[in-house]
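# Architecture at a glance
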Amino acid sequence: MDLAMKNICILVSGTGTTLQAVIDAIAGGKLDARISEVIADRECMAADRARKAGVKTVVVRRGRNFQSDLMKEMENSCADFFLLAGFLSILDAGIIERFRNRIINTHPSLLPCFGGKGFYGMRVHEAVIESGAKFSGCTVHFVTEEIDGGPIILQRVLQVDDVDTPETLENKIHAIEHSAVLQALNIIISGNYRIVGKRVIVA
Ligand SMILES: Nc1nc2c(c(=O)[nH]1)N[C@@H](CN(C=O)c1ccc(C(=O)N[C@@H](CCC(=O)O)C(=O)O)cc1)CN2
Ligand SMILES: NCC(=O)N[C@@H]1O[C@H](COP(=O)([O-])[O-])[C@@H](O)[C@H]1O
């Protein structure tokens, strides 16, 4: 049994509230891990939050060599696991294969609904409201070549009220998503799970 503290590398693109929740959980003794590095695909508030917290922060800009540059930086992070926290770049098959079953993502809907290319951030909540769906939520899943199609670790569900707007729905989902991410991180850090096809069986 590996008792060494796990290193997590967090990949970001946006405001960084999920990253902040992980930083705060570690500081509060609620997550037995360390953030070895934050990698951003652009300058963003999340990168600023990481720097403020004293976490090594690297911006890997999108361009001709983005995927190879990102692969090298992920290797350099010496991370056991990777969390995509509002990360908006699609990872290519080379990265997925190199870090198979070590990358997780949080998505702000009940996958497989309202996921895939083009479904990110407020676009997800706009689609949910437009659809008339009565429930939404968040999903934490392993990352595979299929965008938002990887094995689901856990989901949280909430009711979509008639008065909800995409903005109010985003706020409601953010409120439950951060604890969902922390629960999922605790599961993968513990190692007490197995992946069977597209199912994650938690011991
Ligand atoms: N190989 C994978 N890469 C990524 C996955 C995945 O499951 N497999 N998850 C996404 C995260 N994500 C939803 O959870 C997601 C992020 C971004 C997009 C998207 O359409 N992006 C736009 C660009 C947006 C921008 O840069 O402003 C695009 O690629 O055209 C869809 C889903 C992370 N990577
Ligand atoms: N498809 C990817 C996607 O939409 N991810 C979503 O971006 C937000 C990031 O917020 P944050 O930057 O404040 O953590 C989160 O709600 C996350 O589910």
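Residues numbered from 1 in each chain as written. Chains lettered and ligands numbered in written order. Predicted model: local features only at pLDDT ≥ 70, side-chain atom pairs only at ≥ 80, totals over all residues. Heavy atoms only, no water.

Inspection of the region around ligand 1 gives 22 residues, with R62, N105, K117, G118 and D148 positioned closest. Here R62 contributes a side-chain N or O atom positioned 2.6 Å from an oxygen atom of ligand 1. In the environment of ligand 1, a nitrogen atom lies 3.0 Å from a nitrogen or oxygen atom belonging to the backbone of L91. Burial of ligand 1 by the protein amounts to 87% of the accessible area it has alone, namely 710 Å². Judged by the fraction of its atoms near the pocket grid, ligand 1 is located in the largest pocket. (Near = heavy atom within 4 Å. Polar contact = N/O pair within 3.5 Å; in protein donor to acceptor, adjacent residues only side chain to side chain. Areas by Shrake-Rupley, 256 points an atom, 1.4 Å probe, with all protein chains shown as cover. 1 Å grid on protein atoms, 1.4 Å probe; cavity = no way out; pocket = protein on both sides within 12 Å on 5 of 7 lines; lining within 4 Å. Sits in = over half its atoms within 2 Å of the grid points.)

The full set close to ligand 2 counts 14 residues, and T15, T17, T18, G121 and E177 are the nearest of them. Within the backbone of F119, an N or O atom sits 3.3 Å from a nitrogen atom of ligand 2. Within the backbone of G121, a nitrogen or oxygen atom sits 2.7 Å from an oxygen atom of ligand 2. Contact with the protein chains covers 92% of the free accessible surface of ligand 2, which is 450 Å². More than half of the atoms of ligand 2 fall within 2 Å of the grid points belonging to the largest pocket. Listed by contribution, the elements that provide at least two residues to the shell around ligand 2 are α1 (17-27), β5 (103-107) and α6 (166-190). Of the residues in the shell around ligand 2, the class split is three nonpolar, 10 polar and one charged. (Helix = DSSP H or I, 4+ residues; strand = E, 2+ residues; numbered from the N terminus. Nonpolar A, V, L, I, M, F, W, Y, C, P; charged D, E, K, R; others polar.)

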